[in-house]
Amino acid sequence: MKVKLFVLVILIQISVFINVSKVGLSHQVTSGHTSNLDGRPTEMEAVPFIENGHTYVPVRHLALTLGVPESKIVWEPSSRTVTLTKDNVKTVMTIESNIIHTNGRPGKIDAVPLIRNGLTYLPAQYVAEAFGYEVSLKSNSEAVLRASSGTGTQINSLDLCRVEQVLFNRINENRLAAGLTRVEWDETAAKTARRFAGEMAQNNFISHWNLSGKKPQQRYTEAGGIYGTTENVCLNWLQGYEPNQSLIQNNLLKIHEKMMAEVPPNDGHRVNILEPHHTHVGVGIACAKQDDGSITIAFIQEFTNHCAELKDIPQVLKPRESFTVNGIMLQPELKLDSIILLWEEAPRPMSIEELKITRSYSSPDLESMISYALKDWPMAYYPYAAATGNKLLVDGSGHFMTTLQAGVKEGLNYLQVWFEDTAGNKFMGNEFVIEIRK
């Protein structure tokens, strides 16, 4: 029996971008009473609708489309909760509550379940993502649910959430042993990690880029993340084994220990795990069986820095469009240093061969800066002639505000919030990816 192990080393203070998977299942939800599942029309009991950018679908139809058995669709009138269970995933949502529970873990979302004309509607995006799907809007009246599809068959019969918890606990054991504070669980980061892990395991590649050529920040941003994140990624191949929970857990613990045993200068994983400014982490695991009988196990750690809460940052802007950055600091001991906006080209689809060329990833260089804000502007400035400066307003309670301007070119703008700790070290606390298009 052969065991092959590849671990991808990263740079710290890097970028994250979202994964868009191959289209396997395509389910179109339109403004009429019919929908299409793999091209076959099916009747719906009511009309879906799009409100505030979110697609709402009747609960029963959405659940059945996602493969949830009818017996596992449970409505509790007294608590006004909907419970959906499929394989090892269980989601619970409550009417007019912006909290979704996935396998017992709460996550905050920016949409709520609704009751319209006596029927319960769920925000399709968040339910679909819990079961490994993606939602994209084709127009104001049409949405598409997409399931990842690759060369391998994803294994869903194992309770990988328990393995995630074991690895989460091991991370904190390492941090406490190094004299650092514990990190808390970040469900948005975990959701991001699970989705990308599924894509890697099924398609049998390891990279920080996905099939659409996107890096890890955008994945986290599009999943709802507003904090800075850095990623550890690995892929484990097993030949001659039957997958079981104990096997996967033991293998991934060994991989984690290999990360912790790294020595400089090739110790990127270990440095990331023991980064003092990290406050949270999400762990994602996926397994797939390949045509040759081998098992691929993808394991991702998404560390995040919850330094400031950003409010209403737009995900899409036009070139040169101005926008307001509002936020509040979450750690009073930190000093707000600056807010900057950097430009990067839009991603392009990548082949599996390209993705298998493992390498580190980073945020755009400071030379790509297009706008910035400082508390003492215009007395101080960043030394980049193309960047425009603005005043950064900060009050005594930690609230801050400024105005920035999107770049001239289409592509991506990275919004970064920088802080200074009590030792005088400057670091990036928040990073948010904005798409710039006409």
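Residues numbered from 1 in each chain as written. Predicted model: local features only at pLDDT ≥ 70, side-chain atom pairs only at ≥ 80, totals over all residues. Heavy atoms only, no water.

(A) Looking closely at the sheet that holds strand S12 (residues 114–116). With respect to topology, 4 strands assemble into an open sheet ordered S5-S6-S13-S12, the strand pairing being antiparallel. Only two strands of the sheet have a single partner each, and these edge strands are strand S5 (49–51) and S12. Direction aside, the axes of adjacent strands within the sheet are offset by 40 degrees on average. (Pairing = 2+ DSSP bridges. Helix = DSSP H or I, 4+ residues; strand = E, 2+ residues; numbered from the N terminus. Axes fitted to C-alpha atoms, helices over the stretch in contact; angles between N-to-C directions.)

(B) Representation of the packing of aromatic side chains. With the rule as written, the count across this model stands at 6 aromatic pairs. Considering the side-chain rings of Phe49 and Tyr56, the 5.1 Å spacing of their centres and the 10 degrees angle between planes classify their relative orientation as stacked. The exposure class assigned to Phe49 is buried, which follows from its relative accessible area of 18%. Judged by its relative accessible area of 4%, Tyr56 is buried. A ring pair is formed by Phe49 and Tyr121, whose centres lie 5.0 Å apart and whose planes are at 55 degrees; its orientation type is tilted. Highlighted residues: Phe49 in strand S5 and Tyr121 in strand S13 (residues 119–123), separated in sequence by 72 residues. There is no split in this pair, since Phe49 and Tyr121 are both buried. Aromatic ring contacts, followed pair by pair, group Phe49, Tyr56 and Tyr121 into a single cluster. Over the ring of Trp343 we find Lys409; its NZ or CZ atom is 3.8 Å from the centre of that ring. (Phe/Tyr/Trp six-rings, centres within 6.5 Å; stacked < 30°, edge-to-face > 60°. Buried < 20%, exposed > 50% of the residue type's maximum accessible area, 1.4 Å probe, protein only. Lys NZ or Arg CZ within 6 Å of the ring centre and 35° of its normal.)

(C) Representation of the pattern of salt bridges. Going through the model one piece at a time under the given rule, you end up with 15 salt bridges. Between Asp159 and Arg162 there is a salt bridge, and its shortest N-O distance comes to 3.1 Å. Residue class for Arg162 comes out exposed when judged on its relative accessible area of 58%. The closest approach of N and O atoms between Glu222 and Lys214, which form a salt bridge, is 4.0 Å. Residue Lys214 is classed as buried on the basis of its relative accessible area of 14%. (Salt bridge = Lys/Arg side-chain N within 4 Å of Asp/Glu carboxyl O.)

(D) Fine view of the environment of Gln249. Position of Gln249 relative to the elements: it lies in helix H6 (residues 245–260). Using a relative accessible area of 23% as the deciding quantity, one classes Gln249 as partly exposed. On a C-alpha basis, the gap between Gln249 and Arg162 in space is 9.0 Å, while along the polypeptide they are 87 residues apart. Beyond its immediate stretch of four places on either side in the chain, Gln249 contacts Val163 and Val166. (Contact = heavy atoms within 4.5 Å.)

(E) Expanded view of the environment of Ile255. Locating Ile255 in the fold gives a position in helix H6. Note on Ile255: relative accessible area 2%, which makes it buried. Separated by 21 residues in the primary sequence, Ile255 and Cys234 place their C-alpha atoms 8.2 Å from one another.

(F) Representation of the pairing of strand S6 (residues 54–58) within the structure. Where burial is concerned, most of S6 is hidden: 5 out of the 5 residues are buried. A two-sided burial pattern is seen for S6, the buried positions comprising His54, Tyr56 and Pro58 on one face and Thr55 and Val57 on the other. When S5 meets S6, the two strands line up antiparallel, connected through 3 bridges. Residue pairing for S6: Phe49 is matched across the bridge by Tyr56. As consecutive antiparallel partners, S5 and S6 are separated by 2 residues, and within that stretch Asn52 has a phi angle of approximately 55 degrees, a positive value.

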